[in-house]
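# Structural description and commentary
Take a look at the letters that make up each chain.
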Amino acid sequence: MRLQSLAVLLLISTLSQPVFARNISNEQAEAASARDAVGDAMSRLSDIQQKIKSQEALVAQEQQRLNQYQADKVQIEKELESKKAIFEQKSKVLDDAWKQRSDY
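Here is a short report on the structure shown in this document. For clarity, every value in this text was computed on a predicted model and none was experimentally measured.

Time to look at the overall build of the protein. Scanning the protein from terminus to terminus reveals two helices and zero strands. Of all 104 residues assigned to the protein, the portion counted as buried reaches 0%.

Given below as structure tokens:
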């Protein structure tokens, strides 16, 4: 009888052990893996944000250069029209001079 009582007590103590005795290594590994995945995603996000910032700065710089080229083009086109007008005027004067010379 004493052996049965001891066995029952042992069985009761085994069944009534707290939940803390449960193996949680899988949960720990999964949580660590999830934490690492979050860290990796945050790192990739930071990297891409930096690339975006750098690219935006480059685009702004190139836009400024494009604006300057466009302004230069407008100025050069005005100069070209002015020089064409002068050339046409000088060519007419030369043509008239040749015509007068041949009339003599």
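A word on a nonpolar patch on the surface. A surface patch of nonpolar side chains, about 260 Å² in accessible area, is lined by Leu-45, Ile-48 and Ile-52. Position of Ile-52 among the secondary structure elements: in helix α2 (residues 25-103).

A few words now on the pattern of salt bridges. As enumerated under the stated definition, the model contains six salt bridges in all. For Asp-36, the salt bridge goes to Arg-35, with nearest N and O atoms at 3.6 Å. When its relative accessible area of 43% is taken as the criterion, Asp-36 is described as partly exposed. According to the relative accessible area criterion, Arg-35 is exposed, its value standing at 57%. The shortest N-O distance in the salt bridge between Glu-81 and Lys-84 comes to 3.9 Å. Of this pair, Glu-81 and Lys-84 both sit in helix α2, three residues apart, which is roughly one turn of that helix.

Criteria and thresholds
Residues numbered from 1 in each chain as written. Predicted model: local features only at pLDDT ≥ 70, side-chain atom pairs only at ≥ 80, totals over all residues. Heavy atoms only, no water. Helix = DSSP H or I, 4+ residues; strand = E, 2+ residues; numbered from the N terminus. Buried < 20%, exposed > 50% of the residue type's maximum accessible area, 1.4 Å probe, protein only. Patch = residues over 30% accessible without salt bridge, like charges linked within 9 Å, V, L, I, M, F, W, Y side chains within 5 Å. Areas by Shrake-Rupley, 256 points an atom, 1.4 Å probe, with all protein chains shown as cover. Salt bridge = Lys/Arg side-chain N within 4 Å of Asp/Glu carboxyl O.

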